[in-house]
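# What the coordinates show
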Amino acid sequence: MIAIEAVNLTKRIRRATVLDTISLTLEEGGIYGFYGSNGSGKSMLFRALCGLIHPTSGTIRVFGKELGKDTAFPESLGVIIENVGFWKDFTGYQNLEMLASIKKQIGRQEICRAMERVGLSPDDRKKYRKYSLGMKQRLGIAQAIMESPRLLILDEPTNALDYDGVRQIRQLLREEKERGATICIASHNPDDLEQLCDRFFLMESGGRLRETQGIRRMGESAS
């Protein structure tokens, strides 16, 4: 089944084109890597795929439903784009419990399991405002996976993590793929993408997207 289908997706902000006639088809159950320079439009593309911004023109379908027409947002989505907005004076578990109360799909067991999978203790009484950057990143990933969504959209998922944390999250993403999730990752770390992804997409200046056979590193010629 096709998970994501974008056709001639274009986004203009004032006079600037930030996404330029992007067409993209992603099959369900794969891991897809997006890379490119800062400001090239990766995060903007992810926002569009999540329904957080509306395209100037073009269409996006997620699991057969057109965003902005059939549904406002993908119905089964876990996402990290930039900073996750947690409550600073609550524990990690309390934050996830409050987020889980919105859909009421999961309970304590699933929340605890998600925290343990990213290396956090559900019983830790430390408030979020005292979390290290790595702990904040782990909690963000926990909130993205805790409801076992069909689609995961993750912008820099290993940011601020140490070596062991990076290994742990990469293994977690492999497990999520095995579960059947469709995963889109943007990362500045080539190893993240090369070790995890089935297909690769380069976001070029001006918001143009093209598929590549692998990660083009600095100094390599275009192919």
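Below you will find a few notes about this structure. (Residues numbered from 1 in each chain as written. Predicted model: local features only at pLDDT ≥ 70, side-chain atom pairs only at ≥ 80, totals over all residues. Heavy atoms only, no water.)

### Details of the nonpolar core
Grouped together as the largest cluster of nonpolar side chains are 39 residues, with contacts concentrated most on Leu 96, Ile 111, Val 118, Leu 139, Leu 173 and Ile 183. The greatest single-element share of this core, amounting to six residues, is contributed by helix 4 (residues 133-145). Ignoring sequence-local partners within four residues, the contact set of Ile 183 consists of Gly 30, Ile 31, Tyr 32, Leu 152, Leu 154, Leu 173, Glu 176 and Lys 177. Counting 31 residues, the second-largest nonpolar core is a separate cluster that includes Leu 9, Leu 45, Ala 186 and Leu 209. (Core = buried A, V, L, I, M, F, W, Y, C linked by side-chain atoms within 4.5 Å. Buried < 20%, exposed > 50% of the residue type's maximum accessible area, 1.4 Å probe, protein only. Helix = DSSP H or I, 4+ residues; strand = E, 2+ residues; numbered from the N terminus. Contact = heavy atoms within 4.5 Å.)

### A look at helix 2 (residues 92-103)
Looking only at helix 2, the buried set comprises Gly 92, Tyr 93, Asn 95, Leu 96 and Ala 100. Relative to the axis of helix 2, the buried residues are bounded by an arc of 160 degrees and lie together on one face. Packing partners of the buried residues in helix 2 comprise helix 3 (108-117) and helix 4. Immediately beyond the C-terminal end of helix 2, within one or two residues, lies Lys 104, with a positive phi of roughly 55 degrees. (Arc of directions from axis to C-beta.)

### As for the state of the cysteines
Evaluated as defined, the whole model comprises zero disulfides. This cysteine, Cys 50, is not joined by any disulfide, and Cys 184 carries the nearest cysteine sulfur, 8.7 Å off. Its sulfur unpaired, Cys 197 is 9.1 Å from the next cysteine sulfur, which belongs to Cys 184. For Cys 197, a relative accessible area of 10% puts it in the buried group. (Disulfide = S-S within 2.5 Å.)

### With respect to the sheet that holds strand 9 (residues 199-204)
In any sheet, the strands associate via hydrogen bonds between backbone groups, in a parallel or an antiparallel arrangement. If you walk across this open sheet you meet the six strands as 6-7-8-3-9-10, and the pairing is mixed. Whereas interior strands pair on both sides, the edge strands pair on one side only; in this sheet they are strand 6 (77-80) and strand 10 (208-212). Averaged over all pairs of adjacent strands, the angle between strand axes in this sheet comes to 15 degrees, irrespective of strand direction. Summarising the sheet, strand 9 and strand 10 pair through five bridges and their orientation is antiparallel. Considered in strand 10, the bridge of Met 203 is made with Leu 209. Against the sheet, helix 4 contacts strand 6 and strand 7 (151-155), and its axis sits at roughly 165 degrees relative to strand 6. In the packing of helix 5 (residues 163-179) onto the sheet, contacts are made with strand 3 (31-35), strand 7 and strand 8 (182-186), and the angle to strand 8 comes to roughly 150 degrees. (Pairing = 2+ DSSP bridges. Axes fitted to C-alpha atoms, helices over the stretch in contact; angles between N-to-C directions.)

### Here we look at the layout of surface pockets
Counted as a void, the largest pocket has a volume near 580 Å³. Along its surface, the largest pocket is lined by 28 residues, and Glu 82, Asn 83, Asp 155, Glu 156 and Asn 159 are the ones closest to its centre. Put simply, the parts of the chain that give the lining of the largest pocket at least two residues each are strand 2 (16-27), helix 1 (42-50) and helix 4. Partitioning the lining of the largest pocket into residue classes produces eight nonpolar, 14 polar and six charged. Here the second largest pocket defines a volume of roughly 490 Å³. Among the elements of the structure, strand 6, helix 2 and helix 4 are those that each provide at least two residues to the lining of the second largest pocket. Of the residues in the lining of the second largest pocket, the class split is 13 nonpolar, three polar and two charged. (1 Å grid on protein atoms, 1.4 Å probe; cavity = no way out; pocket = protein on both sides within 12 Å on 5 of 7 lines; lining within 4 Å. Points joined across faces, edges and corners; volume = space filled by probe spheres on them. Nonpolar A, V, L, I, M, F, W, Y, C, P; charged D, E, K, R; others polar.)

Just distances and angles here, no functional claims.
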